[in-house]
Amino acid sequence: MKLLRYRVGDTVRPGMLAADGTVRDLSDHVEDITGATLDDAALAKMAALDVAALPVVEGDVDLAPCVGGVGKFLCIGLNYSDHAEEAGMPIPEHPILFMKATSAIVGPNDDVVLPRGSVAGDWEVELGVVIGKTAKYVSEEDALDYVAGYCVVNDVSERDFQIKLTGQWTKGKSCDTFGPIGPWLVSRDEVADPQNLSLSCDVNGQRMQSGTTGKMIFSVAEIIAHLSQLMTLHPGDVIATGTPPGVGMGIKPDPIYLKPGDVMELEIEGLGRQRQTVRADD
């Protein structure tokens, strides 16, 4: 299944992408796509629906974040061996964890807004993992059973805020609009191997990032198992699992950073495509 959320005026409704590419309304069957509707039983009920019989959403569909009510937005840093090499940093012994404010979350095609004082906005295409059931002290062998599905995440970053404002990376990661997720939440049964997905990011039509989740230092299962030893993971929590090389900060000899008018296009194999236009805050 490819689950989604879409906007109608000031409301957000649940939906599903049909095989013919149309968006179908799920409002008669589920209130929203949140942690409360992502356990195995709820997913099975949605999977059993006759998609062709669901109402078609007509016109241009304004996509909202593919999961609502996110409790935690957890991010793993330096999790691709080739990105660590690009950054000139050693391979971490354990997953590097930072938090991204849930207020950063926006839809996959919403504008990315550079905050006042921003001089070093950057892009990061990442595989997003959405937790489907409560996970505590989970083994690596069982970890993927706790996944509801996968999505595309753009871990937008402000490098000056991240590095120079003293403190943790969260400062440069949590600006409003810095967490586009979607377009779809693809159920885990449609992703045969999360460690075998290609991912890419284009900026203004130029390919900047191109990689494969096979280059992850810590696999999705390892990440979930590790985090669940430290804290309880709840349904609807989102984990961004790191980015491949090609970020603006890593470009030699001079980094390239986002400016108003730039367009980012991100894609992960089987998970869909995002497109954001960059603008400056008022």
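Each remark here, short or long, concerns the structure printed above.
Only a predicted model underlies this, so the values are computations on that prediction, with no experimental measurement involved.

Caption draft 1: Quick peek at the pattern of salt bridges. Overall, the coordinates contain 20 salt bridges when judged by the stated rule. Between Arg7 and Asp110 there is a salt bridge whose closest N-O contact spans 2.7 Å. Of this pair, Arg7 sits in strand β1 (residues 2-8) while Asp110 sits in the loop between β7 (105-106) and β8 (112-114); the two residues are 103 residues apart in sequence, bridging distant segments of the chain. When its relative accessible area of 18% is taken as the criterion, Asp110 is described as buried.

Caption draft 2: Molecular detail of the sheet that holds strand β18 (residues 263-268). Strand order across the open sheet formed by five strands is β8-β19-β18-β15-β16, with mixed pairing between neighbours. Where the open sheet ends on each side, the last strands, each with one partner, are β8 and β16 (206-212). Strand-to-strand twist across the sheet, computed as the mean angle between neighbouring axes with direction ignored, equals 20 degrees.

Caption draft 3: Looking closely at the side chain of Lys173. Structurally, Lys173 can be placed in helix α4 (residues 170-173). Taking relative accessible area as the criterion, Lys173 reaches 2% and is therefore assigned buried. Of the polar contacts made by the side chain of Lys173, one reaches the side chain of Asp155; its length is 3.0 Å. A distance of 2.8 Å separates the side chain of Lys173 from the side chain of Ser157, its partner in a polar contact. Not counting the four nearest positions on each side in its chain, Lys173 is found in contact with Phe98, Lys100, Ala104, Glu124, Asp155, Val156, Ser157, Arg159, Gln162 and Phe178.

Caption draft 4: Examining the environment of Arg279 more closely. Topologically, Arg279 is positioned in strand β19 (residues 272-280). Taking C-alpha positions, Arg279 is 9.1 Å from Pro115, a pair spaced 164 residues apart along the chain. If near-sequence neighbours (up to four positions away) are discounted, Arg279 is found in contact with Asp111, Val112, Val113, Leu114 and Pro260. Among the polar contacts made by the side chain of Arg279, one reaches the side chain of Asp111 at a distance of 3.1 Å.

Caption draft 5: Just helix α5 (residues 220-230), in detail. The complete set of buried residues in α5 reads Val220, Ala221, Ile223, Ile224, Ala225, Leu227 and Ser228. As for α5, its buried residues are in contact with β5 (73-77), β6 (96-99), β10 (125-131), β11 (147-154) and β17 (238-240).

Caption draft 6: Region of interest: helix α1 (residues 40-47). By the burial criterion, the buried members of α1 are Ala42, Leu43 and Met46. Buried residues of α1 fall within an arc of 100 degrees about the axis and therefore sit on the same side. For α1, the side-chain oxygen to backbone nitrogen distance between the N-cap and Ala41 is 2.9 Å, and the N-cap itself is Asp39.

Caption draft 7: Geometry of the pairing of strand β15 (residues 198-203). Counting buried positions along β15 yields five of six residues, so the element is predominantly enclosed. The sheet contact formed by β15 and β16 spans six bridges and is antiparallel. Bridge pairing in β16 places Asp202 opposite Arg207. Hairpin connection of β15 to β16: two residues between the antiparallel strands, including Asn204 at a positive phi of 55 degrees.

Caption draft 8: Spatial organisation of the packing of aromatic side chains. Taken as a whole, this structure holds one aromatic pair when the rule is applied. Geometry around Tyr146 places Lys133 over its ring, the cationic atom sitting 4.9 Å from the centre. Positioned above the aromatic ring of Tyr137 is the side chain of Lys136, whose terminal nitrogen or guanidinium carbon lies 4.6 Å from the ring centre.

Rules of the game
- Residues numbered from 1 in each chain as written.
- Predicted model: local features only at pLDDT ≥ 70, side-chain atom pairs only at ≥ 80, totals over all residues.
- Heavy atoms only, no water.
- Salt bridge = Lys/Arg side-chain N within 4 Å of Asp/Glu carboxyl O.
- Helix = DSSP H or I, 4+ residues; strand = E, 2+ residues; numbered from the N terminus.
- Buried < 20%, exposed > 50% of the residue type's maximum accessible area, 1.4 Å probe, protein only.
- Pairing = 2+ DSSP bridges.
- Axes fitted to C-alpha atoms, helices over the stretch in contact; angles between N-to-C directions.
- Polar contact = N/O pair within 3.5 Å; in protein donor to acceptor, adjacent residues only side chain to side chain.
- Contact = heavy atoms within 4.5 Å.
- Arc of directions from axis to C-beta.
- Phe/Tyr/Trp six-rings, centres within 6.5 Å; stacked < 30°, edge-to-face > 60°.
- Lys NZ or Arg CZ within 6 Å of the ring centre and 35° of its normal.

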